[in-house]
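Spelled out from the first residue to the last, the chains are:
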Amino acid sequence: MLEKPQVPWDGSFVDWVRSQVAGEGYWFQRMDLGPGLTTPGWSDPQAEKLPYFGLPERMQGMRVLDVGCAEGFFSFEAERRGAKEVIAIDVLPDSIRRFGICRSALAARATAYLCNVYDLGPKAFGTFDLVFFFGVLYHLRNPLLALERVFSVCAGTLLLQTATHEVAGAEQVPLARFHPSGIESGPPGSGLFDPTVFWLPNAECARAMTSHVGFEAIETVTSEAGLVLRAQSPRPAQGRPPDESKAPWS
Ligand SMILES: C[S@@+](CC[C@H](N)C(=O)[O-])C[C@H]1O[C@@H](n2cnc3c(N)ncnc32)[C@H](O)[C@@H]1O
């Protein structure tokens, strides 16, 4: 996690963080927030994702975007690895609130905004050296549209992770399975149902979609934790903040 918080990590602050964490009815990401304080998420990204997702060891000077950040594990990890600026977005207000609790506990600078991936664009967000798009593609009714929006803000590298559905014998054919009513999900054995899983591409389809929207040099990082792809913008440039003088909101 991040370096020692600059806020006083004293009894009253720890009590405040603990009460905020306990006050949430749901946590997705298990996260170490400091001595004796771990969020009770059912997904453990430190163990189950980080070793596989291809994050660069050093992110000095980078502008990083974390799409579908949930409680912010990857945003805070990017900051810890030296990113100059980390912007996170999520479509769920509850995610942004829980991100805020973790941000305070870690004294992080990464900032989360309530935003749908479909609303991403360079006018409001600028461009990024590195974009995380982890665990979101299959939650979308319109994955190609989302990838187009991600492409519009990526001036460097995309790291994309998705669950997949392979059909034996058709690995070379770009296919996706549509789940109109969602799939079983949640902690193993929980019997929980996630109605927000729509499209499960096979690996070839995920690569083809990524290429179709304009990314180049698409590589498979791993197939061990879902599929992780690394892809490059065809016009590499330094990530830049939005130009507010052009009043992008007008
Ligand atoms: C499976 S979680 C993945 C969280 C995190 N990226 C990770 O890999 O641990 C999916 C996240 O994407 C968010 N999400 C789903 N649809 C979205 C959309 N249309 N725009 C932005 N975020 C979205 C969800 O709210 C949720 O926090």
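Located above this text is the structure these notes cover.
What you see is a predicted model, and the numbers here were worked out from it, not measured in a lab. (Residues numbered from 1 in each chain as written. Predicted model: local features only at pLDDT ≥ 70, side-chain atom pairs only at ≥ 80, totals over all residues.)

Peer 1: Can you help me understand the environment of Ala206 in this one?
Peer 2: Checked against the element boundaries, Ala206 lands in helix 7 (residues 203-212). C-beta crowding within 10 Å serves as the criterion here: with 29 such atoms nearby, Ala206 is assigned to the buried category. A C-alpha to C-alpha distance of 20 Å links Ala206 and Asn116, two positions 90 residues apart in sequence. For Ala206, the contacting residues outside a window of four places in its chain are Thr162, Thr164, Pro201, Leu227 and Leu229. (Helix = DSSP H or I, 4+ residues; strand = E, 2+ residues; numbered from the N terminus. Buried ≥ 20, exposed ≤ 12 C-beta atoms within 10 Å, placed from the backbone. Contact = placed C-beta atoms within 7 Å.)

Peer 1: Help me understand the site of the ligand in this model?
Peer 2: Looking at the ligand, there are 20 residues lining it, with Gly68, Ala70, Val91, Phe134 and Gly135 nearest. Its residues assigned to classes, the shell around the ligand shows eleven nonpolar, seven polar and two charged. (Near = placed C-beta within 6 Å. Nonpolar A, V, L, I, M, F, W, Y, C, P; charged D, E, K, R; others polar.)

Peer 1: How should I be thinking about the packing of helix 6 (residues 143-153) against helix 7 in this particular structure?
Peer 2: Each pair of packed helices can be summarised by the angle the axes make with each other and by the distance between the axes. Contact pair helix 6 / helix 7: the axes reach a minimum separation of 9 Å and the direction vectors enclose 50°. Viewed along their axes, helix 6 and helix 7 adopt a mutual orientation that is oblique. As helix 6 packs across helix 7, the resulting crossing turns out to be right-handed. Contacts between helix 6 and helix 7 involve Pro143, Leu144 and Leu147 from the former and Met209, Thr210 and His212 from the latter. Residue composition of the contact of helix 6 with helix 7, grouped by class: four nonpolar, two polar and no charged. (Axes fitted to C-alpha atoms, helices over the stretch in contact; angles between N-to-C directions. Parallel < 35°, antiparallel > 145°, perpendicular 65-115°, else oblique. Left-handed = near helix turned anticlockwise from the far one by under 90°.)

Peer 1: How do you make sense of helix 3 (residues 73-80) when you look at a structure like this?
Peer 2: An α-helical turn contains 3.6 residues, so any two residues separated by three or four positions project in the same direction. With seven of eight residues buried, helix 3 is to be regarded as a mostly interior element. Burial in helix 3 covers these residues: Phe73, Phe74, Ser75, Phe76, Glu77, Ala78 and Glu79. Against the buried residues of helix 3 lie helix 2 (45-48), strand 3 (63-67), strand 4 (85-90), helix 4 (93-106) and strand 6 (128-134).

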